[in-house]
Amino acid sequence: MPAPSSSSSAPDLATLLEFARATATDPEVLARLALHPTERTWIRLEGPGGSEAWLIGWPPGSETGWHDHGGSSGAFVTALGELSELSLVMPLPSAGWRSLELEEGVDRQRTLEAGRGRAFGPHHVHQVINPSATGHAVSVHVYHPPLPQLRRYARQGDVLSVAAVETQEDW
């Protein structure tokens, strides 16, 4: 696994994505993750420049549900298998709302096979899914600053509602 950066400046998106890519190809790191037949598994890793990283195992059909990253920027790369990402291409208000109607055309979907990934800014809202009915996927996720909270959303058609707010104590 790449060594975390000793720099005191915040890592940029390219650095986060580079770390996720390098870690996703490190067989020693991947071997540390135990896979469960029906539940997601994860281990925390040290990321560059004070970021936090996670190695996540995705059983067939598992998904995250709609969520954001509490204002943190990040990146993720699929190490094994394939993941599908559904995302919104609009920033959501950071506070003061419980439900809003999404505009037409804000949905995006991408497929991330092993070796592919993406970086995202602090207002990113998405859902990640292992679409396979039979195979596990594994991915590396990295966030800066470390996740202060995670907002979960319920979605009914074009209406997105805040369902829960989780903090580090919940993980």
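Scroll up for the structure.
Residues numbered from 1 in each chain as written. Predicted model: local features only at pLDDT ≥ 70, side-chain atom pairs only at ≥ 80, totals over all residues. Heavy atoms only, no water.

1. Quick word on the overall build of the protein chain
Here is step 1 of the chain: When helices and strands are counted, the protein chain shows two helices and twelve strands.
Here is step 2 of the chain: Along the protein chain, helices (α) and strands (β) appear in the sequence α-α-β-β-β-β-β-β-β-β-β-β-β-β when read from the amino end.
Here is step 3 of the chain: For the protein chain, the C-alpha radius of gyration of 16 Å lies close to 16 Å, the compact-globule estimate for 171 residues.
Here is step 4 of the chain: Each of the three principal axes of the protein chain carries a C-alpha extent, and together these read 45 × 45 × 30 Å. (Helix = DSSP H or I, 4+ residues; strand = E, 2+ residues; numbered from the N terminus. Rg over C-alpha atoms; globule rule 2.2 N^0.38 Å.)

2. Side note on helix α1 (residues 13–24)
Here is step 1 of the chain: For α1, which comprises twelve residues, the first-to-last C-alpha distance of 16 Å matches the rise-based estimate of 16 Å (1.5 Å per residue) to within 8%.
Here is step 2 of the chain: Every buried residue of α1 is listed here: Leu 16, Leu 17, Phe 19, Ala 20, Thr 23 and Ala 24. Looking straight down α1, one finds that the buried residues subtend no more than 160° of arc, so they occupy a single side. Seen from the buried face of α1, the exposed residues on the opposite side, beyond 90 degrees, are Ala 14 and Glu 18.
Here is step 3 of the chain: The elements touched by buried residues of α1 are α2 (27–30), β1 (41–46), β2 (52–58), β4 (73–80), β8 (117–120) and β10 (137–144). (Expected span 1.5 Å × (residues − 1). Buried < 20%, exposed > 50% of the residue type's maximum accessible area, 1.4 Å probe, protein only. Arc of directions from axis to C-beta. Contact = heavy atoms within 4.5 Å.)

3. A few points about the environment of Asp 170
Here is step 1 of the chain: Looking at where Asp 170 falls in the secondary structure, it is placed in the segment after β12 (159–167).
Here is step 2 of the chain: Considered as a pair, Asp 170 and Glu 28 are 142 residues apart in the sequence and their alpha carbons are 28 Å apart.

4. Remarks on the pattern of salt bridges
Here is step 1 of the chain: One pass over the structure, following the stated rule, counts nine salt bridges.
Here is step 2 of the chain: Across the pair Arg 44 and Glu 46 runs a salt bridge whose closest N-O atoms are separated by 3.0 Å.
Here is step 3 of the chain: For the salt bridge of Arg 116 with Glu 113, the shortest nitrogen-to-oxygen distance reads 3.6 Å.
Here is step 4 of the chain: Classification of Glu 113 by relative accessible area gives partly exposed; the value is 36%.
Here is step 5 of the chain: Through salt bridges that share partners, Arg 44, Glu 46 and Glu 52 make up one connected network. (Salt bridge = Lys/Arg side-chain N within 4 Å of Asp/Glu carboxyl O.)

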